[in-house]
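Overview (structure and organization)
Residue strings, one per chain:
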Amino acid sequence: QVQLVESGGGSVQSEGSLRLSCAASINTNSVYCMGWFRQAPGKGREGVAGIDADGITSYADSVKGRFTISQGNAKNTMYLQMDSLKPEDTATYYCAARTTYDGRVCLGPRVDSAWYQSWGQGTQVTVSS
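Rules used in this analysis
Residues numbered from 1 in each chain as written. Predicted model: local features only at pLDDT ≥ 70, side-chain atom pairs only at ≥ 80, totals over all residues. Heavy atoms only, no water. Buried < 20%, exposed > 50% of the residue type's maximum accessible area, 1.4 Å probe, protein only. Helix = DSSP H or I, 4+ residues; strand = E, 2+ residues; numbered from the N terminus. Pairing = 2+ DSSP bridges. Disulfide = S-S within 2.5 Å. Axes fitted to C-alpha atoms, helices over the stretch in contact; angles between N-to-C directions. Polar contact = N/O pair within 3.5 Å; in protein donor to acceptor, adjacent residues only side chain to side chain. Contact = heavy atoms within 4.5 Å.

1. Quick look at the pairing of strand E1 (residues 4-7)
- Only one face of E1 is buried: it carries Leu 4 and Glu 6, and the other face, with Val 5 and Ser 7, is open.
- Bridge count between E1 and strand E3 (residues 18-24): four bridges; the pairing is antiparallel. Counted as the bridge partner of Ser 7 is Ser 21 from E3.

Pasting the structure below:
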C-alpha cells in the first residue's frame, strides 16, 4: 500500500486555476500508475487524469486541454494543474496509485476506480459561476 496525501483544493471562480498536489510515501517513478479521480455529490467517482512510470499521460475527455497531470521533481509528488475551471468541475478530488503492473493504460477504457489500489483522503474543489 502507498500512503497518499492530497492538498491544494479550494474555492475559485469560473475560468480560474488551481493546482492540486499529491504526496506519496514512495518514489512515484516506481509506481505503475498514478491517477486523479473526482466525485461530485450524488455521483460516482470518475477518472480525471493518469500518468505512468514512463510519464505517459491520459485524460478524461471532459478535462482535455484544461488539466495537466505531472510528476514532481521531488520524485514523491504528483500534481494536477487545473485551468479554465468550470462549475461542473466542482467535486472532491482524490489521488490514487496502482503498483501492480498488468499492461493497462492508466486511465484507459479498461480502468475504473476499483483498479487502483491506494487512495488519499481527498481535497475539495469548488468552482463558482
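2. As for the state of the cysteines
- In this structure the tally under the stated criterion is two disulfides.
- Between the sulfur of Cys 22 and that of Cys 95 lies a disulfide, 1.9 Å long from S to S. Residues Cys 22 and Cys 95 are joined by a disulfide whose S-S torsion is about -70°; by sign, that bridge is left-handed. In this pair, Cys 22 sits in strand E3 while Cys 95 sits in strand E9 (residues 91-98), placing the two residues 73 residues apart along the sequence.
- With a sulfur-sulfur separation of 1.9 Å, Cys 33 is cross-linked through a disulfide to Cys 106.

3. Things to note about the sheet that holds E3
- Taken in spatial order, the four strands make up an open sheet running E1-E3-E8-E7, and their pairing is antiparallel. Strand pairing shows two members of the sheet lacking a second neighbour, E1 and strand E7 (67-71), which therefore form its edges. Sheet twist, expressed as the mean angle between neighbouring strand axes with direction ignored, is 15°.

4. Remarks on the side chain of Asp 89
- Inspection of the secondary structure puts Asp 89 in the loop between strand E8 (77-82) and E9.
- Judged by its relative accessible area of 0%, Asp 89 is buried.
- Only 2.8 Å separates the side chain of Asp 89 from the backbone nitrogen of Lys 86, close enough to count as a polar contact.
- In this structure, Asp 89 is in contact with Arg 38, Arg 66, Phe 67, Ser 84, Val 125 and Val 127, ignoring residues within four places of it in sequence.

Purely geometric stuff here, so don't read any function into it on its own.
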